[in-house]
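# Overview (structure and organization)
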Amino acid sequence: TFVSTIAAGDWPVWDPYVGFGQPMLANANAQVLYPLTWLNLIMRPGTYYALYFIVHIFLAASGTAALARRLGVSPSGALLAGAFWTASGPFLSLGNLWNHLAAAAWMPWALLGAEHAVAGSRRGAVGGAFAIAAMVFAGSPDFVIFTGALLVARLLGRPDRHRVSAAKRG
């Protein structure tokens, strides 16, 4: 529908093929605001989907490995973490749920950005915000909420949080 609408010379805002029509922005699977969706205009559907899937597997693996390294895991352990996450059933089962696959691939990058932001890195905070924006544009508010819950759990469970609290009191 996205490609057909653009080919007809219209903006991709209305899907006339479902019932009496529905807004495309309301359909998370249309991913109108997600940048990779626009590659669909220059590629055949099968090629686009293969590229979409491979890009998001690489994005998830590299993000998980980078997050593991930030948390102190060895380089080989971080590589294994990225491989295990992307080869796991929960991640691979998202293959037919475009919006959730994209958001799950951005999750480790959002968590990594939060780790950097807590350490005082403005660049890391911007990177984390970019990752969360990508999750929102992918059309997966539930994965944004899951990521937020992980961020809160991580911040509450930080070992240095108790030292900072004690230093403020004393």
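Note that residues are indexed from 1 along each chain, following the sequence as it is written. This being a predicted model, a pLDDT of at least 70 is required before a residue's local features are given, and a value of 80 or more before pairs of side-chain atoms are given or counted; all residues contribute to the totals for chains, interfaces and linings. To obtain the side-chain values, all non-hydrogen atoms of the structure were included, while hydrogens and water were left out.

### Points about the overall build of the protein
If you tally the helices and strands in the protein, you get eight helices and two strands. When its helices and strands are written in sequence order, the protein yields α-β-β-α-α-α-α-α-α-α. Partly exposed describes any residue whose relative accessible area lies between the buried limit of under 20% and the exposed limit of over 50%, with all areas from a 1.4 Å probe on protein chains only and scaled to the type maximum. The proportion of buried residues among the 170 residues of the protein is 32%. Residues count as neighbours in contact if any of their non-hydrogen atoms are within 4.5 Å of one another. Taking all contacts inside the protein whose residues are at least 6 apart in sequence as the whole, residues at least 24 apart take part in 55%. We treat Lys and Arg as the positive residues and Asp and Glu as the negative residues; His and chain ends play no part in the count. Every charge is mapped onto a representative atom, which is NZ of Lys, CZ of Arg, CG of Asp or CD of Glu. Between the centroid of the 11 positive side chains of the protein and the centroid of its 5 negative side chains there is a distance of 20 Å. Secondary structure elements follow DSSP: runs of H or I no shorter than four residues count as helices, runs of E no shorter than two count as strands, and numbering proceeds from the N terminus.

### Here's the deal with the environment of Tyr-48
Within the element layout of this structure, Tyr-48 appears in helix H2 (residues 45-70). For Tyr-48, a relative accessible area of 2% gives the class buried. Along the chain, Tyr-48 and Leu-36 lie 12 residues apart, while their C-alpha atoms are 9.1 Å from each other.

### Examining H2
The end-to-end C-alpha distance of H2 is 37 Å, a good match for the 38 Å that 26 residues give at a rise of 1.5 Å each. Among all positions of H2, only Tyr-48, Tyr-52, His-56, Leu-59, Ala-60, Gly-63, Thr-64, Ala-65, Leu-67 and Ala-68 are buried. Those residues of H2 that are buried are in contact with helix H3 (75-87), helix H4 (89-92) and helix H5 (98-118). One or two positions beyond H2, positive phi appears at Gly-72, with a value near 95°. For a helix, the expected span equals 1.5 Å multiplied by the number of residues minus one.

### Details of the packing of aromatic side chains
Aromatic rings from Phe, Tyr and Trp, taking only the six-membered ring of Trp, are treated as a pair when their centres fall within 6.5 Å; an angle between ring planes under 30 degrees marks them as stacked, one over 60 as edge-to-face, and anything in between as tilted. This structure, assessed with the given rule, holds 10 aromatic pairs. Look at Trp-106 and Phe-130: their rings are 5.6 Å apart centre to centre, the planes differ by 75°, and that puts the pair in the edge-to-face class. Here Trp-106 is found in helix H5, whereas its partner Phe-130 is found in helix H6 (residues 122-138), with 24 residues between them in sequence. Through a chain of ring-to-ring contacts, three or more aromatic side chains come together here, namely Tyr-34, Tyr-48, Tyr-49, Tyr-52, Phe-53 and Trp-98.

### Describing H6
The terminal C-alpha atoms of H6, which comprises 17 residues, lie 24 Å apart, in line with the 24 Å expected from a rise of 1.5 Å per residue. Taken together, the buried positions of H6 are Gly-124, Gly-128, Ala-131, Ala-134, Met-135 and Ala-138. For H6, the angular spread of the buried residues around the axis is 115°, confining them to a single face. Residues Arg-122, Val-126 and Phe-130 are exposed on H6 and point more than 90 degrees away from its buried face. Along its buried surface, H6 packs onto H5 and helix H7 (141-156). Of the residues flanking the end of H6, it is Gly-139, one or two places downstream, whose phi is positive at about 90°. What the arc measures is the spread of directions leading from the helix axis to the C-beta atoms.

### So, the pattern of salt bridges
Salt bridge, as used here: a side-chain nitrogen of Lys or Arg that lies within 4 Å of a carboxyl oxygen of Asp or Glu. This model, assessed by the stated rule, comprises one salt bridge. The shortest N-O distance in the salt bridge between Arg-154 and Glu-115 comes to 2.5 Å. With a gap of 39 residues between them, Arg-154 in helix H7 and Glu-115 in helix H5 connect regions that are remote in the sequence. Taking relative accessible area as the criterion, Arg-154 reaches 33% and is therefore assigned partly exposed.

### Focus: the side chain of Asn-40
On the secondary structure map, Asn-40 appears in the loop between strand E2 (22-23) and H2. Non-local contacts of Asn-40, meaning those with residues more than four positions away in its chain, are made with Val-3, Pro-45 and Tyr-48.

### Description of the packing of H2 against H3
All axes here are fitted lines through C-alpha atoms, helices being fitted over the stretch that makes contact, and every angle between N-to-C directions spans 0 to 180 degrees. For the pair H2 and H3, interaxial distance at closest approach is 8 Å and the crossing angle is 145°. Along this stretch, H2 crosses H3, giving a crossing that reads as right-handed. Two secondary-structure elements touch here, H2 through Ile-57, Ala-60, Ala-61, Thr-64, Ala-65, Ala-68 and Arg-69 and H3 through Pro-75, Ala-78, Leu-79, Ala-81, Gly-82, Trp-85 and Thr-86. Residue composition of the contact of H2 with H3, by class: 10 nonpolar, three polar and one charged. In this scheme, a crossing is called left-handed if the near helix is turned counterclockwise away from the far one by less than a right angle; it is called right-handed if the turn is clockwise. Each residue is assigned to one of three groups, with Ala, Val, Leu, Ile, Met, Phe, Trp, Tyr, Cys and Pro labelled nonpolar, Asp, Glu, Lys and Arg labelled charged, and all others, Gly among them, labelled polar.

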